[in-house]
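Okay, here's what each chain looks like letter by letter:
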Amino acid sequence: MDPIGVSFFLDRLEVKFMASPTGRETTQDTLTMKSLLEAGLHFGHQTQRWHPRMKQYIFAQRNGIHIIDLQQSMSLLERASAFVSDLVANGQTILFVGTKRQAQDSIELAATRCEMFYIKNRWLGGMLTNFSTIQKRIDYLINLEAEKDKGLFNVLTKKEGLKKQEELDRLNRNFGGVKHMKNMPGAIFIVDIGLENIAVLEARKMNIPIVAMVDTDCDPDLVDYPIAANDDAIRSISLTVNCMADAVIEGMARREQQLESHPATDAADNEHDNMEDDQPTAEFNAEPLMDDHDKTTNTVVETDEPVPAENVDNNVAPNNEESN
């Protein structure tokens, strides 16, 4: 797009935003909108390569290229960020997926920064629908790394050692970002759902929420939380992925606060429960002790009673008669 078209779009965008009722109160949003514009988030595909269901997110067309409405992109980005933050605050994880060349570095850096899982090389079929088999390959990768750390590769011949190293590198390329993922993710973030159509199908089949960047040539109805944005520019991808990473970090901070506040309440509840459990146990143990004592006392009393004189005389009399 020529500079005149960009300036025209920026002027119309600012006029439209300032005409809104809250335009004067949210000047920071205007700066954020400009940052989205500078990142090239508004550039769509050519008009003949568009998806009809993206019509609601298209602002205009310039020189045969669709222009995405950044106001809607901003609201969609905030909605997706809130969902990701709440999900992580509840203890869930996010899987970042971006295998196209423009997104590989951004995906790895952002996921590493927020300590989440990522796939940047290739989406392997069955990553979600056949997770048990994928987990076996991940375990094999961990075993190979353990053997290398112990120096077992040096014991092998040169050819066998190189073969093991090549296999280790290949597994790291495919599973390096999900090496420590033991359970299914709570949600999945995708760059370019057209390229990652298998990941979208598997996530939908497993009922995993999808957060994705949706360009003008994609179907937004396939995604639970679409973000209308340019998924081909490096700066656009980097900005969106970093927003998701910031949301993850915010959710992790909220999670830590919840864990810090809950232990005191849990300890008090446990102490109260223990006191309630101890009281009936003491009463139950006290009753048999009292019964045993009474029985013992009664037994002693019965054994200490003197024998009646009548019984003694009756027993002696027959003996005397027999002797007579």
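Just above sits the structure.
Residues numbered from 1 in each chain as written. Predicted model: local features only at pLDDT ≥ 70, side-chain atom pairs only at ≥ 80, totals over all residues. Heavy atoms only, no water.

J.: Please clarify how helix α4 (residues 101-113) should be interpreted in this entry.
T.: An α-helical segment advances 3.6 residues per turn. Residues three or four places apart therefore align on the same side. Taken together, the buried positions of α4 are occupied by A103, S106, I107, A110 and A111. E115, located one to two residues past α4, shows a positive phi value of around 60 degrees. (Buried < 20%, exposed > 50% of the residue type's maximum accessible area, 1.4 Å probe, protein only. Helix = DSSP H or I, 4+ residues; strand = E, 2+ residues; numbered from the N terminus.)

J.: Sorry if this is basic, but what is going on with the side chain of D215 here?
T.: On the secondary structure map, D215 appears in the loop between β7 (210-214) and β8 (225-228). One buried charged residue, D215, forms no salt bridge at all, with the nearest opposite charge on K100 at 6.7 Å. A polar contact is formed between the side chain of D215 and the backbone nitrogen of D231, at a distance of 3.4 Å. Once you skip the residues sitting within four places of it in the chain, D215 turns out to touch F43, G44, H45, M54, I68, A229, N230, D231 and D232. (Lys, Arg positive; Asp, Glu negative; His and termini not counted. Salt bridge = Lys/Arg side-chain N within 4 Å of Asp/Glu carboxyl O. Polar contact = N/O pair within 3.5 Å; in protein donor to acceptor, adjacent residues only side chain to side chain. Contact = heavy atoms within 4.5 Å.)

J.: Explanation requested: the pairing of β8 in the structure shown.
T.: Within a regular beta strand, the side chains point alternately toward one face of the sheet and then the other, so they alternate between its two faces. Burial of the side chains of β8 extends over both faces: Y225 and I227 are buried on one face and P226 and A228 on the other. Relative to β8, β7 runs parallel, the two being bridged by 4 bridges. For V214, the partnering residue across the bridge sits in β8 and is A228. (Pairing = 2+ DSSP bridges.)

J.: For this particular structure, what's the right way to read the packing of aromatic side chains?
T.: Ring pairs (aromatic) are described by centroid distance and by the angle formed between their planes. Across all of its chains, the model carries 2 aromatic pairs by this definition. With 4.1 Å between their ring centres and 20 degrees between their planes, F83 and Y225 make a pair best called stacked. Within this pair, whereas F83 is found in helix α3 (residues 70-89), its partner Y225 is found in strand β8, the two being separated by 142 residues in sequence. (Phe/Tyr/Trp six-rings, centres within 6.5 Å; stacked < 30°, edge-to-face > 60°.)

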